[in-house]
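# Architecture and fold: a report
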Amino acid sequence: MLKMRIIPCLDVKDGRVVKGVNFVDLIDAGDPVAQARVYDGEGADELCFLDITASVENRDTLYDVVRGTAEQCFMPLTVGGGVRAVEDIRTLLLAGADKVSINTAAIARPEFVAEAARKFGSQCIVVAIDAKALSPGKWEIFTHGGRRGTGIDAVDWAKRVTASGAGEILLTSMDRDGTREGFDLALTRAVADAVTVPVIASGGVGTLDHLVEGINEGHATAVLAASIFHFGIYSIRQAKAHMKAAGVPVRLE
Amino acid sequence: MTVVIVDYGSGNLRSAAKAFERAAADTATAIVVSADPKALKAASHIVLPGQGAFADCKRGLEGVAGMTEALEGAVIGEGKPFLGICVGMQLMAKTGHEHGDHQGLGWIDAKVTAIDAPAGADPASFKIPHMGWNDLEVRDPSHPLFAGIGTGRHVYFVHSYRILCERPGDVIAEVDYGGPLVAAVGRDNMVGTQFHPDKSQATGLRLIANFLDWRP
């Protein structure tokens, strides 16, 4: 039976983890590779790096991080943030990423998703969707960290990028992100039920029950969280044990 | 020992090579990523990776002059141990039916077709690709590739197409996703895995080590 995935996400800026925590035995909490190794050892199902480096010149630091992680962690790695061109995807894949997530560039130029999927295969093209609630049952996509509205409906957009070849959707509720109040379950369910590709729920995880809800009520097949793992509130292992106890199929080995 | 990972422009081979280096850490094994058919002459073991569409991979392989012939010579002719991964495994089939009908290498009597949702399943709840960790059902526990890897171990899959074998004896392991799918095939000196051993943490590294130890 296919297991539901738990994906810790690391925000990386200029090659350093932005919100690090002092793990036991971790010498450098700001080192993304060291943190990735901790998550690997705890049984994370995949890893996600979100690059928030502002300047293009410092992008090379990200490639070093991806390279270093791929040499030590033999698990799927998704990298997103600032991916604008086919060449960016190629560089990330060559550095060792398995999947690349596209956000703003897909909205600016929707055909980019189809180009990328054709070039590299749908299996490595993730489209990240940042959505905000407009009214019950209606969500709009925002870009630029939630500052810029697009007028695009989130569910329509998910269907469109899937038709273009996206192999997975990384869905973040801008309303919930950072609140620790739990996923926007109505949003997650609306998108997950509208597309045939896997949906990763993101934004708002504060408790382990939220992870269970994302799967059972949101119909996501993967859950992503940053801060509860970064700050050492819960370990991946605890999260998986909790989900298993709640009847969610997870991998424990 | 020299392991040649065949580079024909399909995806990132760096992390695959790293996984082989890790699995081979205790032995004097060279891991070579090469697009040169002549490299297969010196190979003790051959790995054919692959990601994306069947036809693109086949075209990529044919785009490397002499590579298909070199593979035939080394694997069929000389009987060198061979491991196909994901689409690299699917290419072992006679035909692939992704975006049209295409010829494979024809080493395994099999065809590659789309994964179908089980009858009556809600299409939105049956996700394609089959993506994530799934537990193996090992059909041939005596196969050296699966030494120490029993039924129930999890490995990482990502695929929308599956291989259908004509001979049940060629199926080494299966996985359940809306019904049984082939997880590993093989005969004689060749094996193929639908999953990615290089992305499957400890279980994957064990399988790679088993492959490196294999003397069919």
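Conventions we followed
Residues numbered from 1 in each chain as written. Chains lettered and ligands numbered in written order. Predicted model: local features only at pLDDT ≥ 70, side-chain atom pairs only at ≥ 80, totals over all residues. Heavy atoms only, no water. Pairing = 2+ DSSP bridges. Helix = DSSP H or I, 4+ residues; strand = E, 2+ residues; numbered from the N terminus. Axes fitted to C-alpha atoms, helices over the stretch in contact; angles between N-to-C directions. Contact = heavy atoms within 4.5 Å. Salt bridge = Lys/Arg side-chain N within 4 Å of Asp/Glu carboxyl O. Buried < 20%, exposed > 50% of the residue type's maximum accessible area, 1.4 Å probe, protein only.

The next thing to look at is the sheet that holds strand E2 (residues 30-34) of chain B. All names here are of chain B. The strand order across the open sheet built from nine strands is E2-E1-E3-E4-E13-E12-E11-E8-E9, with neighbouring strands paired in mixed fashion. The sheet terminates laterally at E2 and strand E9 (154-159), the two strands that pair on one side only. When the angles between neighbouring strand axes are averaged without regard to direction, this sheet yields 25°. Pairing analysis gives six bridges linking strand E8 (residues 130-138) to E9, with the strands arranged antiparallel. Across the sheet, Met131 pairs through a bridge with Val158, a residue of E9. The strands that helix H6 (residues 201-213) touches are strand E1 (2-6), strand E3 (45-48), strand E4 (82-85), E8, E9 and strand E13 (190-193); relative to E3, the one it contacts most, it runs at about 135°.

A word on the sheet that holds strand E10 (residues 161-165) of chain B. All names here are of chain B. Pairing is mixed across the open sheet formed by four strands, whose spatial order is E6-E5-E7-E10. Taken across any chain shown, the strands that pair with only one partner, and hence form the sheet edges, are strand E6 (102-103) and E10. As paired strands, strand E5 (residues 93-96) and strand E7 (residues 108-114) are joined by three bridges and run parallel to one another. Bridged to Gly96 within E7 is Val112.

This paragraph deals with unusual backbone geometry. All names here are of chain B. For the bond from Ile128 to Pro129, the omega torsion is 5°, close enough to zero to count as cis. Residue placement: Pro129 occurs in the loop between E7 and E8. The phi dihedral of Cys86 is positive, around 55°, even though this residue is not glycine. Assignment of secondary structure puts Cys86 in the loop between E4 and helix H5 (87-90). Unusually for a residue other than glycine, Gln201 sits at a positive phi of about 45°. Relative to the helices and strands, Gln201 resides in helix H6.

Below, the discussion takes up the pattern of salt bridges. When charged atoms on two side chains of opposite charge get close, those side chains can pair. One pass over the structure, following the stated rule, counts 25 salt bridges over all chains. Across the pair Lys240(A) and Asp45(A) runs a salt bridge, and its minimum N-O distance is 2.8 Å. A residue pair is termed long-range when its members are at least 10 positions apart, and Lys240(A) in helix H10 (residues 236-245) and Asp45(A) in the loop between helix H1 (32-42) and strand E3 (47-51) qualify at 195 residues. Since its relative accessible area comes to 1%, Asp45(A) is described here as buried. Measuring nitrogen to oxygen at the nearest pair gives 2.8 Å for the salt bridge that ties Asp188(B) to Arg187(B). Relative accessible area serves as the criterion here: at 25%, Arg187(B) is assigned to the partly exposed category. When salt bridges with common partners are traced through the structure, they connect Lys94(B), Asp109(B), Glu166(B), Arg167(B) and Asp170(B) into a single cluster.

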